[in-house]
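# Fold and contact review
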Amino acid sequence: MSSDEVTLTNLDQPLFEGSGATKRDLVEYLDAMHDRIIPELRDRPLSVIRVLRGQKPFMQKNVPKYTPEWVRTVTMWAESSHRDVSYALCDDRRTLMWFANQRAIEYHPALMRTERRDRPTHLVLDLDPPEGSGDGVPAFRQAVRAALLVRQALTDVGLAGAVKTSGAKGVHVFVPVADTPFDDAAAATRAIAARAERLDPVLATTAFIREDRGGKVFIDSTRAGGATVVAAYSPRLRPGVPVSFPVAWDDVESVVPADFTIHTAPGLLAGANPWAERLPSPQHLPEALVAEGHTIPIARVQAMHEGKRRARARRPDQ
């Protein structure tokens, strides 16, 4: 079978254990949704999670040597691996179908476009239920409650965002921003997270170290810089193959992640693109919010120093 010059193979193989889906289901879902997914990926360095038969899932950043020459790529320095990485740019249907045939299930684009690598297009707050809460409805409901705190914190400073399920057990809030340097965007994200935490410190926390979260929802404000976030409509490598799906704020308390899978999501849209329709226009960040955020320590750096301090404290006296 072929699609736009991409030869599709082994379509009747199970996608992965527990998926309840075949590779054909993945290909058909991505093809049916290509006009909604590609705008979220276009011109953004892309990382994907692939699952090959008999192997553990892995995240692919660097494109393999056998990548077709018609797949656009961009070379960028990856701070995490300290090397140049050649990222794919999934700009069209043919490239998306090639990824599908490579058994790329999850699609994690960067928060910036290649023509403005110094400017993020969104702030992102990731609401993650506490450790040990499982993947069920109660855990998701906690994340939703925290997302509503984020919405209130945004409203309090004159900003607006859109919400989607992560496709796992959490919730993502996206805030489109206009012409904002990465360090200011990261600072504003920290400030919003801190404000949301103050609205209900019993429910939510910004503590980066897991053992400090105390059974609360983690408001992750670290999705900045070179970070990626799973795209709207992307499948997830989880039982039943749920997808990250946009939800209206008024409806977010009445849905569960399992409502949206590669089997059900296309039929729920009726030709619409609710993510594009619900995202606000890019917004300028209030100067006071950015200044506030710059007074808040960067979570990863603070956690690193705290981890070293605790390690020293645990050492026996020499």
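Conventions we followed
- Residues numbered from 1 in each chain as written.
- Predicted model: local features only at pLDDT ≥ 70, side-chain atom pairs only at ≥ 80, totals over all residues.
- Heavy atoms only, no water.
- Axes fitted to C-alpha atoms, helices over the stretch in contact; angles between N-to-C directions.
- Helix = DSSP H or I, 4+ residues; strand = E, 2+ residues; numbered from the N terminus.
- Parallel < 35°, antiparallel > 145°, perpendicular 65-115°, else oblique.
- Contact = heavy atoms within 4.5 Å.
- Salt bridge = Lys/Arg side-chain N within 4 Å of Asp/Glu carboxyl O.
- Buried < 20%, exposed > 50% of the residue type's maximum accessible area, 1.4 Å probe, protein only.
- 1 Å grid on protein atoms, 1.4 Å probe; cavity = no way out; pocket = protein on both sides within 12 Å on 5 of 7 lines; lining within 4 Å.
- Points joined across faces, edges and corners; volume = space filled by probe spheres on them.
- Nonpolar A, V, L, I, M, F, W, Y, C, P; charged D, E, K, R; others polar.
- Phe/Tyr/Trp six-rings, centres within 6.5 Å; stacked < 30°, edge-to-face > 60°.
- Lys NZ or Arg CZ within 6 Å of the ring centre and 35° of its normal.
- Expected span 1.5 Å × (residues − 1).
- Pairing = 2+ DSSP bridges.
- Lys, Arg positive; Asp, Glu negative; His and termini not counted.
- Polar contact = N/O pair within 3.5 Å; in protein donor to acceptor, adjacent residues only side chain to side chain.

If you check an unreviewed UniProt entry, the chain appears there as ATP-dependent DNA ligase from Phytohabitans aurantiacus.

## Looking at the packing of helix 1 (residues 23-32) against helix 2 (residues 34-41)
At a minimum axis distance of 5 Å, the contact between helix 1 and helix 2 shows a crossing angle of 80°. As the angle between them shows, helix 1 and helix 2 are arranged roughly perpendicular. Here Tyr-29, Leu-30, Asp-31 and Ala-32 of helix 1 lie close against helix 2, whose contacting residues are His-34, Asp-35, Arg-36 and Ile-37.

## Quick word on the pattern of salt bridges
Per the counting criterion, the structure on display carries 14 salt bridges. Here Asp-31 makes a salt bridge to Arg-93, at a shortest N to O gap of 2.6 Å. Here the residue Asp-31 occupies a position in helix 1, and Arg-93 occupies one in helix 3 (residues 93-101), the gap between them amounting to 62 residues. On the basis of relative accessibility, which here comes to 22%, the residue Arg-93 falls in the partly exposed class. Two residues, Asp-220 and Arg-223, come together in a salt bridge whose shortest N-O distance is 3.6 Å. Given the relative accessible area of 9%, Asp-220 is considered buried. Residues participating in the shared-partner salt-bridge network are Arg-116, Asp-118, Arg-119 and Asp-179.

## Quick notes on the environment of Thr-75
With respect to the element layout, Thr-75 can be found in strand 5 (residues 73-78). Taking the C-alpha atoms as reference points, Thr-75 and Tyr-87, 12 residues apart in sequence, are found 6.1 Å from one another.

## Thoughts on empty space enclosed by the protein
For the structure on display, the rule yields 1 cavity of 30 Å³ or more. Its volume calculated, the largest cavity comes out at about 100 Å³. Here the lining of the largest cavity is built from residues that sort into 8 nonpolar, 2 polar and 2 charged.

## Quick word on the packing of aromatic side chains
Scanning all chains against the criterion turns up 6 aromatic pairs. On the basis of an interplanar angle of 75° and a centroid distance of 6.3 Å, the ring pair of Phe-208 and Phe-218 is categorised as edge-to-face. On the criterion of sequence distance, the pair formed by Phe-208 in the loop between strand 11 (204-205) and strand 12 (217-220) and Phe-218 in strand 12 is long-range, its members being 10 residues apart. On the numbers, 6.0 Å between centres and 85° between planes, the contact of Tyr-233 with Phe-245 is edge-to-face. Here Phe-245 lies in the loop between strand 12 and strand 13 (246-247) and Tyr-233 lies in the loop between strand 12 and strand 13, a separation of 12 residues in the sequence. For the pair Tyr-233 and Phe-245, a shared accessibility class is recorded, and that class is buried. Sitting over the ring of Trp-70, Arg-94 keeps its end group 3.9 Å from the ring centre. Against the face of Phe-218 rests Arg-213, its NZ or CZ located 3.7 Å from the ring centre.

## Some details on helix 5 (residues 182-199)
Residues spaced three or four apart along an α-helix face the same direction, because each turn holds 3.6 residues. Over its 18 residues, helix 5 extends 26 Å from the first C-alpha to the last, a length consistent with the 26 Å expected when each residue adds 1.5 Å. When we look at burial in helix 5, the residues that qualify are Phe-182, Ala-185, Ala-186, Ala-187, Ala-188, Thr-189, Arg-190, Ala-191, Ile-192, Ala-193, Ala-194 and Ala-196.

## A short note on helix 3
The element helix 3 is largely enclosed, with a buried count of 7 among its 9 residues. Along helix 3, the residues that are buried comprise Thr-95, Leu-96, Met-97, Trp-98, Phe-99, Ala-100 and Asn-101. Downstream of helix 3 by one or two residues, Arg-103 has phi in the positive range, about 60°.

## Thoughts on the pairing of strand 8 (residues 122-128)
Counted residue by residue, strand 8 has 6 buried out of 7 residues, so it is predominantly covered. Relative to strand 10 (residues 171-176), strand 8 runs antiparallel, the two being bridged by 6 bridges. Within strand 10, the position partnered with Val-124 by the bridge is Phe-174. Alignment of strand 8 against strand 12, held across 3 bridges, turns out to be antiparallel. Bridge pairing in strand 12 places Asp-126 opposite Asp-220.

## Describing the side chain of Lys-164
Looking at the element boundaries, Lys-164 is found in strand 9 (residues 162-165). For the buried Lys-164, which has no salt bridge, the nearest side chain bearing the opposite charge is Glu-40, at an N-O separation of 8.2 Å. A polar atom in the side chain of Lys-164 sits 3.0 Å from the backbone oxygen of Val-230. Discounting residues that sit within four places of it in the chain, Lys-164 has contacts with Val-171, His-172, Phe-174, Val-230, Ala-231, Ala-232, Ser-244, Phe-245, Pro-246, Val-247 and Trp-275.

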